[in-house]
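Chain by chain, the residues:
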Amino acid sequence: MSHHDTPSLIPAVTATGAPAPELPWRPITGMALVVLVCWLMPLEALKNDHSLYPLALHTLSEIFAVVVAALVFAVAWNTYARERPSNILILACGFLGVGLLDFGHALSYRGMPDLVTPASAEKAIDFWLAARYLSAATLLTVALRPWTPLQKSATRYRLLAGVLAGTALIFVLQLFFPSIWPRTFIEGQGLTAFKIGAELGVIAMLALAAIRFRQLHRQGAAFDAANLFAASMIGILSELCFTLYASVYDLFNLVGHIYKIVAYLFIYRAIFVASVRDPYQRLKVAVAKRKQAEHKIEHLAYHDPLTELPNRLLLRDRLEQAMVWADRSHTRVALIFIDIDNFKTINDSLGHTVGDALLKKLATCLQGSLRSTDTLSRQGGDEFVLLVPGLNSSEDCTPILSKIMSDIQAPIVIDNTEITTSASIGIALYPDDGANFDTLLQKADTAMYKAKEAGRNAYRFFDETMNSEVVANLSLRNGLRRALDNDQFVLHYQPQIDLASGTVIGVEALIRWQHPELGLMAPGRFITVAEESGLIVPIGEWVIQEACRQAACWQRAGLPKIVVAVNLSAIQFRRGDVEHTVVRALDASGLDPQFLELELTESILLQGTDSVFTTVRELKKLGVKFSIDDFGTGYSSLSYLKRFAVDKLKIDQSFVRDLTHDSDDAAIIRAIVQMAHSLGLRTIAEGVENENVLEQLRGFGCNEAQGYHFERPMSAEAMSDYLEKSRQSLALALAANN
Ligand SMILES: Nc1nc2c(ncn2[C@@H]2O[C@@H]3COP(=O)(O)O[C@H]4[C@@H](O)[C@H](n5cnc6c(=O)[nH]c(N)nc65)O[C@@H]4COP(=O)(O)O[C@H]3[C@H]2O)c(=O)[nH]1
């Protein structure tokens, strides 16, 4: 079965989604009762009353019927569209023909002027029967045909032409060759058996149509089967009247004509429903759906899908409006950047679903304590931005900020887990800190970072010093990128002295940046920026390679064999591949691994990841040495001393510096040295600036020392000279001993 053959049926509801109308049994039954009463009652007087249905009334009723038939055609034909069922066109054209034949009937009625031939009962009956058959055939056709669209649009014109030609033929035959028709009425005798039989034929066709329409209605037809069913049934009642009448002026004739008009009206209703009401309803539904979809799209464009809060776009718009209002009312607008502390940890440890639920709850909670004029938006991730208009001064913000902070700190229960968090908040004010959205947002963001740096769970108002820091950092970051490509880094070396022998046994490699404008820059000014930007990874790689190369170079030059110590950053372990870098540097330089020492900070060890452990273990296998830098300042956990099996502890210079005046520092150093020795580790004190300190360190049993008291960090050439001198004095001492 092709697509077009499929009956256009849908269950229970119509095309517009409304429930299918009930069959109109009430008018049908009422009208049937009227016919029954007329038939059963002895109404001889009425039946013979010729004034009951006079010519004028007949003409009037027929004109009305013709008008309704014409309306059926006009509405259906003019509103027809290709996707509509072709049966609508069949009804349209069929009823155009019916209307024309009814017109012929009205003009032929006895008492009307001549239309080619004189008017007569038989002439009127012949037109009448033709109209009845055409109407019954039309209804039966649409009852039996599937309600599918036409294959070709030209068919509609062919159909119209066919109906018009057929009707014209009937007119011609009736007017010019009336004798070819069987007799239907004989003056003085009344209706012929043919006429009655013909009416019964119409009744049979209409009955078939009615049965089919009822069936289709039950199956939930997508067209108005109920009204077409009523039209067929009332058509049958009308026809029954015409099998019962004795005079063309009697009661049955009157009732039959009225019923015919009612049947036409039901067809008109069906056509109107199919051609106007239903399409209009569908259009209304489609427009409503479209509006809904548009509304949804608009909502999505301006809101964050997770929290339903306004997004950046809407926030920008609201800020622009708020700025205009602030200008007029001489008030301020605050843009408050809220970043949830440790959100990443919560997300990673409890999962994204919990993370999302937390953000939603925070959003609801925050929104609950804001005024209707404030706008809370989500920028993505764990960042919210709040817009507060109508402030007189920055102090007006304080109550809001305290409220936000306490709201965020309140414990939130998700999936039976209680989560407590906090926020770092940065505030920028309009017009004080900027005159547009981007500037204000960036400044609020900068202030938020300052709050984070200050230990989180804090808020900071933006001030210009923050900005200059940011600008400086930015130019530093860009400069660092170029520095690596342009070979602007150099290593300086500081000797490490063995306290027992007084000889140099190692050097610490310390990076310097030969800045084209700012001169030689110490690492304290750029290492943090390099770490933040990740540039520490390639920079650190260069340091290892250069230190190994230089150490191997000194050894090849016959200078004393010393260990070169290199600082490593935690970021290098997190983002880089330390093991491969070191192995490559050793291979390239040819340096024996035992002359390389890597200085680890406690933060590296605290990462506690297996990869740090594996790297240390693998490099130790090669012979590389490890020391812990700045020992004593961090957690100084004994467990990682055991786990990582380092070789040396580097006592932080903050303890060494005040050693002679501060008894606590002395106690700490003594304890570190004792502990290191009992674990079989060597100790080195850094920052040794005078002889007194040195003496005390010797007294504690510290193995090595490094500091300005011996030498400041120096260039590679200066270090070569230093090593050369050290070699010579060693040779002299040996010669003297011998
Ligand atoms: N006041 C005083 N200071 C002394 C004395 N003796 C040495 N110093 C300074 O103390 C720092 C010792 O290095 P650090 O503790 O590893 O601390 C280093 C280290 O953490 C880092 N750093 C240096 N080079 C590198 C590198 O190549 N990679 C990494 N990741 N960090 C590096 O930068 C820090 C600072 O390095 P520098 O500025 O070169 O500063 C050096 C050194 O010049 C002294 O007697 N008195």
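What you see is a predicted model, and the numbers here were worked out from it, not measured in a lab.

Rules of the game
Residues numbered from 1 in each chain as written. Predicted model: local features only at pLDDT ≥ 70, side-chain atom pairs only at ≥ 80, totals over all residues. Heavy atoms only, no water. Salt bridge = Lys/Arg side-chain N within 4 Å of Asp/Glu carboxyl O. Helix = DSSP H or I, 4+ residues; strand = E, 2+ residues; numbered from the N terminus. Buried < 20%, exposed > 50% of the residue type's maximum accessible area, 1.4 Å probe, protein only. UniProt positions renumbered as here; feature names shortened; annotations may be inferred.

Asker: I'm lost on the pattern of salt bridges in this one. Help?
Answerer: Once their charged atoms are close, side chains differing in charge can pair, the charge on each being opposite to the other. For the structure on display, the rule yields 31 salt bridges. Lysine 450 is the partner of glutamate 453 in a salt bridge, and the nearest nitrogen-oxygen pair spans 3.2 Å. Residue glutamate 453 and its partner lysine 450 are located together in helix α14 (residues 437-453), separated by three residues, close to a single helical turn. Judged by its relative accessible area of 58%, glutamate 453 falls in the exposed class. In this structure, arginine 682 engages aspartate 498 in a salt bridge whose closest nitrogen and oxygen atoms are separated by 3.4 Å. Taken together, the residues arginine 682 in strand β17 (residues 682-686) and aspartate 498 in strand β10 (residues 489-498) connect sequence positions 184 residues apart. It is possible to trace a salt-bridge network through shared partners that takes in Glu62, Asp102, Arg132, Glu239 and Lys260.

Asker: Got a minute to help me understand unusual backbone geometry in this structure?
Answerer: It is generally the case that most residues other than glycine have a negative phi and that most peptide bonds are trans. Residue proline 431 is bonded to the preceding tyrosine 430 through a cis peptide linkage, with omega at 5°. Even without being glycine, asparagine 342 reaches a positive phi, approximately 60°. You can see asparagine 342 is positioned in the loop between β3 (332-340) and α11 (343-350). You will see that asparagine 416, though not glycine, has its phi angle at about 65°, which is positive. Considering the arrangement of structural elements, one finds asparagine 416 in the loop between β6 (412-414) and β7 (417-419).

Asker: Please clarify how the UniProt feature "transmembrane region" (unreviewed entry) in the protein should be interpreted in this entry.
Answerer: Per the UniProt record, "transmembrane region" (unreviewed entry) is annotated on residues 55-76, 88-107, 127-147, 159-181, 193-213 and 225-246. Helix makes up 100% of residues 193-213 and strand 0%, and the two end C-alpha atoms of the span are 30 Å apart.

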